[in-house]
Amino acid sequence: MGEQPIFSTRAHVFQIDPNTKKNWVPTSKHAVTVSYFYDSTRNVYRIISLDGSKAIINSTITPNMTFTKTSQKFGQWADSRANTVYGLGFSSEHHLSKSFYIQFAEKFQEFKEAARLAKEKSQEKMELTSTPSQESAGGDLQSPLTPESINGTDDERTPDVTQNSEPRPEPTQNALPFSHSSAISKHWEAELATLKGNNAKLTAALLESTANVKQWKQQLAAYQEEAERLHKRVTELECVSSQANAVHTHKTELNQTIQELEETLKVKEEEIERLKQEIDNARELQEQRDSLTQKLQEVEIRNKDLEGQLSDLEQRLEKSQNEQEAFRNNLKTLLEILDGKIFELTELRDNLAKLLERS
C-alpha cells in the first residue's frame, strides 16, 4: 500500500530561527495542509506539509517527541533529527481548541505510542534472532544493537514573530551599463546559497553515515569472530565420535546460523557500498560549490571593473558638459560683440547716406 495520509488539518507553518534559536521564521505565506502519513511497510508515522511542490515539514514521529501548546493559538514540537523546532499557528482560538489541538495532539500522542510499540517489537525481534547464536555459543556472545536515532524536545518559548520588509531600490540611469552583470551576480549568489544549504545537509548525512559505517564495521567484526568460533565449535563436535547424532544436529543448526550471518554480512557490505557512493556524490557537490564560488568571484571582479568604467565615463561626461557650457558662454559673448559691431556699421551707413544726400 505504501505511505497513506490518515489525518489532515490546515495551519500556518513556522520554524525556529537556526541562528538565534529564539525567533520564529514563517515557512508558508498562508495556511497550508498539514497531514499525518503512515508507512505500513516500515511501520513509520510522519508529519508532512507541502507549500506547492516544496516540502516545508517532513518530520518522523518518535517515542521521545512531545507536542506542546505554547499559547492560545500556537503549538510546537522539536525534531532533533532535522535539528529544528516546528510551530503551527491558527487564525482563531475556536479552530485551535475544537479542530486542531484536541485531534492533532491526540493523533500525535497515539502515533508516538505506536512508534514506541514498533520500536519495542523491533528490539524483541532482534533479541529473538540473536538467541540461537547465544545458546549454541554457550551464552558468551551478545547480539549487537542497531543504532537508533533519538528525537527529543527542548523547552522552547514562543517568541513574537516579526517580519521586516524593505522596499527594493529602483535602478538609476547610471546603473544601466552594468545591470545585466548585477543580475548574473545575484543569480550565482542564489545558486551558491542553495548549494551551501545542500552541502550542510549532505555534510550532516555524511557524518551520520560515517558513524553508522563504523558501528557496522564493528558488527561485521563481531559476526566474523562469531563465525570463526562456530566453525571451531563444529570441528570440535565432529571429533567427538560418541556424540555423532548430537554433533550432526548441532552442525546443522550452526551451519544455518552461519548462513544467516553471511547473509547479514552481505547486506551490510551492500549498505557500505551505498554509503560510499553517497560520499562520492557529496564530494562532487563540494567541487561544484567551489567552481560556483570561483565564478562568483570572477563576476564580482567584473562588476568592479564595470563600476570603474562607469565612474570614468561619468567624469568624462561631466568634463564634456563643462566644456560645452564654456563654449556656449564664449559664443554668446561673440554674438553680443557682433551685434554691437553691426549696430555701429548700420549707424555709419546711415551717416554716409545722409552725407551723400547733402552733397
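Refer to the structure printed above.
This one's a predicted model, so the numbers in the text were calculated from it and none came from an experiment.

Undergrad: Would you mind going over the side chain of Ser59 in detail, with residue names and values included?
TA: Tracing the sequence through the fold places Ser59 in strand E5 (residues 54-60). One polar contact links Ser59 to Asp79, side chain to side chain, over a distance of 2.7 Å. Every residue in contact with Ser59, bar those within four places of it in the chain, is listed here: Tyr45, Arg46, Ile47, Met65, Trp77, Asp79 and Tyr86.

Undergrad: Any details on the pattern of salt bridges? Residues and values, ideally.
TA: If you walk through the whole model with that rule in mind, you get seven salt bridges. A salt bridge links Asp39 to Arg42, with the shortest nitrogen-to-oxygen separation between them at 3.0 Å. Overall, Arg42 belongs to the exposed group, its relative accessible area being 54%. Where Asp350 meets Arg349, a salt bridge forms, and the shortest distance between an N and an O atom there is 3.8 Å. Judged by relative accessible area, Asp350 falls into the partly exposed class, the value being 34%. Through salt bridges that share partners, Glu271, Arg274 and Glu278 make up one connected network.

Undergrad: A description of the nonpolar core should follow, citing residues and the corresponding values.
TA: Tyr36, Ile47, Trp77, Leu88, Phe104 and Phe108 are the most contacted members of the largest nonpolar core, which totals 20 residues. Broken down by secondary-structure element, the contributors of at least two residues to this core are strand E1 (3-16), strand E3 (32-39), strand E4 (44-51), E5, strand E8 (84-89) and helix H1 (93-136). Beyond its immediate stretch of four places on either side in the chain, Phe104 contacts Phe7, Thr9, Val34, Tyr36, Ile47, Phe67, Trp77 and Leu88. Formed by ten residues, the second largest nonpolar core is a distinct cluster that contains Val234, Leu237, Leu254 and Ile272.

Undergrad: Explain the packing of aromatic side chains residue by residue, including any values.
TA: Inspection of every chain in the model, using the stated rule, returns ten aromatic pairs. Judged by centre distance (4.5 Å) and plane angle (10°), the rings of Tyr45 and Phe111 are stacked. One end of the pair, Tyr45, is in strand E4; the other, Phe111, is in helix H1, with 66 residues separating them in the sequence. Looking at Tyr45, the relative accessible area reads 13%, which means it is buried. Taken together, the aromatic side chains of Phe7, Tyr36, Tyr38, Tyr45 and Phe111 make up a single cluster linked through ring pairs.

What counts and what doesn't
- Residues numbered from 1 in each chain as written.
- Predicted model: local features only at pLDDT ≥ 70, side-chain atom pairs only at ≥ 80, totals over all residues.
- Heavy atoms only, no water.
- Helix = DSSP H or I, 4+ residues; strand = E, 2+ residues; numbered from the N terminus.
- Polar contact = N/O pair within 3.5 Å; in protein donor to acceptor, adjacent residues only side chain to side chain.
- Contact = heavy atoms within 4.5 Å.
- Salt bridge = Lys/Arg side-chain N within 4 Å of Asp/Glu carboxyl O.
- Buried < 20%, exposed > 50% of the residue type's maximum accessible area, 1.4 Å probe, protein only.
- Core = buried A, V, L, I, M, F, W, Y, C linked by side-chain atoms within 4.5 Å.
- Phe/Tyr/Trp six-rings, centres within 6.5 Å; stacked < 30°, edge-to-face > 60°.

So yeah, pure geometry; function would need other evidence.
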